[in-house]
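Structural overview for review
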Amino acid sequence: MSNHRHFLLYKPHGYLSQFVYELKRKKKLLGELYPFPDGTMAIGRLDEDSEGLLLLTTDGKMSELVRSKKVEKEYFVQVDGIINQEAIDKIKLGVEIGFDGSKYITKPCQSYIINEIPDFGLRAKKIRDERHGPTSWASITVTEGKFRQVRKMTAAVGFPTLRLIRVRVGNILLNDLKAGEVAEVEEFLL
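First things first, this report covers the structure right here in the doc. Computed from a predicted model, the values in this text were never measured in an experiment. (Residues numbered from 1 in each chain as written. Predicted model: local features only at pLDDT ≥ 70, side-chain atom pairs only at ≥ 80, totals over all residues. Heavy atoms only, no water.)

**A look at helix α2 (residues 85-93)**
Stated precisely, the cut-off is as follows: Only protein chains enter the accessibility calculation, which uses a 1.4 Å probe; a residue is then buried when its area is under 20% of its type maximum, exposed when over 50%, and partly exposed in between. Only DSSP runs of H or I with at least four residues qualify as helices, and only runs of E with at least two residues qualify as strands; both kinds are numbered from the N terminus onward. What the arc covers is the set of directions going from the helix axis to the C-beta atoms. Note on contacts: a residue pair is in contact if any heavy atoms of the two residues lie within 4.5 Å.
For α2, the set of buried residues is A87, I88 and I91. For α2, the arc enclosing every buried residue in end-on projection is 100°, short of the 170-degree limit, so these residues lie on one face. For α2, the exposed residues lying more than 90 degrees away from the buried face are E86 and L93. Elements in contact with the buried residues of α2: β7 (110-114), β8 (135-142) and α3 (149-156). Of the residues flanking the end of α2, it is G94, one or two places downstream, whose phi is positive at about 115°.

Here you go:
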């Protein structure tokens, strides 16, 4: 029986996926959300503007497993404009994005249009209103995680991401967690 502890967190918009931030500007960090034990690490990252499911653990081996290419990560993205099947098909096949100063073709992935708008509640920072034109939602499931990859993928097909929410890591779902909520679990059933 391991003494490691594991947590599910709905990372709210505006927080960094880390516990320490060395630069001068004040940033919101994960430790402000819950009294995590010493040695807790976020598995993977969601950038400051992204939200959704983040797994945290005190077990470094578990962290490596979850970050591996075997584990799918699913994102719901709200995009600028009404995304079409042609754009979804391009995303599925792989699109060219910039990464580390060079071009990169994303690996084939799963993607589909979400017709029923998900109810994630309002974000702390308002995105925009209808005067700026219509928006739509899509699901994108990847097994890789380059810097801001999903945002770059939707932009590459002409639909910039306005809101990005990770809803699944492996078999673990965001379910009914609300922004900022933490649930401790016995183990990660990936």
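**Overview of the layout of surface pockets**
Put simply, the rule is: Here a cavity denotes a set of grid points, spaced 1 Å apart and computed over the protein atoms alone, in which a 1.4 Å probe fits but from which it cannot get out, and a pocket denotes an open set meeting protein on both sides within 12 Å along at least five of seven lines; residues with an atom within 4 Å of a point are reported as lining. Grid points are joined across faces, edges and corners, and a volume is the space filled by probe spheres set on the points. Ten residue types, Ala, Val, Leu, Ile, Met, Phe, Trp, Tyr, Cys and Pro, are classed as nonpolar, four, Asp, Glu, Lys and Arg, as charged, and the remainder, Gly among them, as polar.
If you add up the space inside the largest pocket, you get close to 680 Å³. What lines the largest pocket is a set of 30 residues, among which R45, L46, Y75, G145 and K146 lie closest to the centre. When contributions to the lining of the largest pocket are tallied by element, the ones reaching two or more residues are β3 (51-57), α1 (60-67), β4 (73-80), α3 and β9 (161-169). In terms of residue class, the lining of the largest pocket is made up of 12 nonpolar, 7 polar and 11 charged.

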